[in-house]
2 protein chains.
Amino acid sequence: MSKRIAGPEIERLIQLLAKVPGLGPRSARRAALHLIKKKEQLMEPLAVAMGEAVDKVRICSTCGNVDTSDPCTMCTDPRRDDTTIIVVEDVSDLWALERAGAMNARYHVLGGTLSPLDGIGPDDLNIRGLVNRVAAGGVSELILAVNATVEGQTTAHYITDQLEGMGVKVTRLAHGVPVGGELDYLDEGTLSAALRSRTAF
Amino acid sequence: MSKRIAGPEIERLIQLLAKVPGLGPRSARRAALHLIKKKEQLMEPLAVAMGEAVDKVRICSTCGNVDTSDPCTMCTDPRRDDTTIIVVEDVSDLWALERAGAMNARYHVLGGTLSPLDGIGPDDLNIRGLVNRVAAGGVSELILAVNATVEGQTTAHYITDQLEGMGVKVTRLAHGVPVGGELDYLDEGTLSAALRSRTAF
Ligand SMILES: [Zn+2]
Ligand SMILES: [Zn+2]
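Residues numbered from 1 in each chain as written. Chains lettered and ligands numbered in written order. Predicted model: local features only at pLDDT ≥ 70, side-chain atom pairs only at ≥ 80, totals over all residues. Heavy atoms only, no water.

Labelled according to an unreviewed UniProt entry, chain A appears under the name Recombination protein RecR, originating from Aquibium oceanicum. Note on chain A: under the UniProt heading Function (unreviewed entry), the record states "May play a role in DNA repair. It seems to be involved in an RecBC-independent recombinational process of DNA repair. It may act with RecF and RecO." Recorded in UniProt under Sequence similarities (unreviewed entry), the annotation for chain A is "Belongs to the RecR family." (UniProt positions renumbered as here; feature names shortened; annotations may be inferred.)

Following this line, the structure appears as structure tokens:
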């Protein structure tokens, strides 16, 4: 804001809110005003919730998910099938697949994709951890739920090579995921169908 | 969420974010994940900024604006014209007028409009404070920048009645075609008003 419309604490609140995805500068002002009006009911609990998340969030040492416990909710859930691991690029993809609710498997979060141009190699991703999980035994299928992008597919091929001879079946999501599309933006129906129609990689 | 995808602290963060205007349930998840990834750079400063706002925000005892000081930024700004008060329903209207940047006047925030059906009478609004400010002298013009709704206009008439004989000029915003607006989409009332108030080209 070029012109000050309120005290520095409110201006700063607006500036920070504008950096939250989904809120632009105008929405940030509306959000700030709503938070101010709902000070006790919303802004205070939200400040506390953010503070707690800052303190407690960690990366799961088993699967690379972010959560407030290590191992994470996905890794400790007793109702999940240990024999199947769904491999995703990002936590947002894990959340999207959970919303689809099609499978009760374990997950593995790579933390990105191989991208030589950006200097991202195998050691920059959580691939070694995945190979170790498979080597430890008990995993019969690995579903490569990576994005249908060049980088995603390159990463899928690399992982498949690493697992050769380990006796694990590697599958991928069925086509039906739009080429170039990102999992996070897909509807639940498409994601469920793609999981059901997964094919051998 | 019907199915737990993360620890209770993260689930609660998503639930609270979903109550922020501009963020729905899906955007709230994306926002939460972004905040988690930008823990030090964004979530922690935002938690602190919200906590500070909770502690410091108050209502200006002069004009009814919300700010972190009383009197507020608008009431203490030495470059503003003391002789003109712009009367608005809500703080959001004050912010919108400031963005327009058309006038350097003082403000008065009513905190709503008269609405007998909702049981909102003159004592529920910041009208007495406005009459007192005018009675204290030095105000030559009052601009009623209330919404062009039945309630807004009823409130404007009520305020005008209260100020009768106090020697202050009462004006209101011009009706007309919004800048960039297409005639085709405007209601008949606006078009009629714009025609009646036509100006030389
Ligand atoms: Zn985990
Ligand atoms: Zn004020």
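For the rest of this paragraph, the subject is the packing of helix H2 (residues 25-37) of chain A against helix H5 (residues 91-100) of chain B. When two helices pack together, their arrangement is given by the angle between the helix axes and the distance between those axes. Between H2 of chain A and H5 of chain B, whose axes approach to 10 Å, the crossing angle comes to 150°. By the angle between their directions, the pair H2 of chain A and H5 of chain B is classed as roughly antiparallel. The handedness of the crossing between H2 of chain A and H5 of chain B is right-handed. Contacts from Arg26, Arg29 and Leu33 of chain A in H2 of chain A reach Val91, Ser92, Trp95 and Arg99 of chain B in H5 of chain B. For the contact of H2 of chain A with H5 of chain B, a count of residues per class yields three nonpolar, one polar and three charged. (Axes fitted to C-alpha atoms, helices over the stretch in contact; angles between N-to-C directions. Helix = DSSP H or I, 4+ residues; strand = E, 2+ residues; numbered from the N terminus. Parallel < 35°, antiparallel > 145°, perpendicular 65-115°, else oblique. Left-handed = near helix turned anticlockwise from the far one by under 90°. Contact = heavy atoms within 4.5 Å. Nonpolar A, V, L, I, M, F, W, Y, C, P; charged D, E, K, R; others polar.)

Here the UniProt feature "zinc finger region: C4-type" (unreviewed entry) sits at residues 60-75 of chain A. End C-alpha atoms of residues 60-75 of chain A are separated by 8 Å, and the span's content is 19% helix alongside 12% strand.

In terms of domains, chain A is made up of domain 1 (8-56) and domain 2 (66-172). Put simply, the middle of domain 1 of chain A and the middle of domain 2 of chain A, counted by C-alpha atoms, are 34 Å apart. (Domains from an automatic or database assignment.)

Here the focus is the coordination of the zinc ion (ligand 1). Residue and element names in this part refer to chain A. Every protein donor of the zinc ion (ligand 1) is listed here as Cys60 (SG), Cys63 (SG), Cys72 (SG) and Cys75 (SG), and their distances to the metal cover 2.3 to 2.4 Å. Taken in chain order, the donor set of the zinc ion (ligand 1) reads C-x2-C-x8-C-x2-C. A residue pair is termed long-range when its members are at least 10 positions apart, and cysteine 60 in the loop between strand E1 (58-59) and strand E2 (66-67) and cysteine 75 in helix H4 (residues 73-76) qualify at 15 residues. Summarising the burial analysis for this pair, cysteine 60 and cysteine 75 share the class buried. (Donors = N, O, S within 2.8 Å, 3.2 Å for Na, K, Ca; no water. Buried < 20%, exposed > 50% of the residue type's maximum accessible area, 1.4 Å probe, protein only.)

Residue and element names in this part refer to chain B. One open sheet holds the four strands; their spatial order is E4-E3-E5-E6, and the pairing between them is parallel. Each having just a single partner strand, strand E4 (105-109) and strand E6 (169-172) make up the two edges of the open sheet. Looking at each pair of strands side by side, their axes are set apart by 25° on average, direction ignored. Direction of pairing for strand E3 (residues 81-88) relative to E4: parallel, over a ladder of five bridges. Bridge pairing in E4 links aspartate 81 to alanine 105. Against the sheet, helix H6 (residues 127-135) contacts E3, E4 and strand E5 (141-144), and its axis sits at roughly 150° relative to E4. (Pairing = 2+ DSSP bridges.)

So, about the pattern of salt bridges. When their charged atoms lie close together, side chains carrying opposite charge are able to pair. Inspection of the entire model under this criterion finds 14 salt bridges over all chains. Between lysine 37 of chain B and aspartate 90 of chain A there is a salt bridge, with the nearest N and O atoms lying 2.6 Å from each other. Taken together, the positions of lysine 37 of chain B in helix H2 (residues 25-37) and aspartate 90 of chain A in the loop between strand E3 (81-88) and helix H5 (91-100) put the pair across two chains. (Salt bridge = Lys/Arg side-chain N within 4 Å of Asp/Glu carboxyl O.)

Residue and element names in this part refer to chain A. The β-α-β motif built from E3, the intervening H5 and the parallel element strand E4 (residues 105-109) has right-handed crossover chirality. With four bridges joining them, E3 and strand E5 (residues 141-144) adopt parallel strand pairing. Within E5, the residue paired with isoleucine 85 across the bridge is leucine 142. (Right-handed = clockwise from strand over helix to strand, strands pointing away.)

Take helix H6 (residues 127-135) of chain A next. Residues and elements named next belong to chain A. The complete set of buried residues in H6 reads Ile127, Leu130, Arg133 and Val134. Angularly, the buried residues of H6 cover 120° about the axis, an arc narrow enough to put them on a single face. Exposed side of H6, more than 90 degrees from the buried face: Arg128 and Ala135 are the residues found there. A positive backbone phi angle near 90° is found at glycine 137, which sits one or two residues after H6. (Arc of directions from axis to C-beta.)

Another point: the nonpolar core. Core analysis: the largest hydrophobic core is formed by 92 residues, its most contacted members being Leu17 and Met50 of chain A together with Leu17 and Met50 of chain B. Excluding residues within four positions of it along the chain, methionine 50 of chain B makes contact with Leu13, Leu17, Leu35, Met43, Leu46, Ala47 and Met50 of chain A. If you look at the next biggest cluster of nonpolar residues, it comprises 17 residues, including Leu110, Ile127, Val134 and Ala156 of chain A. (Core = buried A, V, L, I, M, F, W, Y, C linked by side-chain atoms within 4.5 Å.)

Now for the coordination of the zinc ion (ligand 2). Taken together, the protein ligands of the zinc ion (ligand 2) are Cys60 of chain B (SG), Cys63 of chain B (SG), Cys72 of chain B (SG) and Cys75 of chain B (SG), with distances of 2.3 to 2.4 Å. The coordination sphere of the zinc ion (ligand 2) comprises four donor atoms, whose angles at the metal cover 102 to 116°; the geometry is tetrahedral. (Tetrahedral: all angles 85-135°; square planar, octahedral: opposite > 155°, others 65-115°.)

Here we take up the interface of chain B and chain A. Frequently, the measure chosen for interface size is the accessible area removed from exposure when the parts meet. At the junction of the two partners, chain B supplies 56 residues and chain A supplies 60 residues. It is Ile5, Met50 and Trp95 of chain B that lose the most area in chain B upon contact with chain A, and together they represent 13% of the buried surface on that side. Where chain B meets chain A, there are four salt bridges. Taking the shortest distance from any N to any O, the salt bridge between glutamate 9 of chain B and lysine 56 of chain A comes out at 3.3 Å. Here chain B is connected to chain A by 14 residue pairs in polar contact (both at pLDDT 80 or more). If you list the elements that add at least two residues to the side of chain B that touches chain A, you get helix H1 (8-17), H2, helix H3 (39-56), strand E2 (66-67), helix H4 (73-76) and H5 of chain B. At 14 residues, H3 of chain B tops the list of elements feeding residues into the side of chain B that touches chain A. (Buried area = accessible area lost by both parts, 1.4 Å probe. Polar contact = N/O pair within 3.5 Å; in protein donor to acceptor, adjacent residues only side chain to side chain.)

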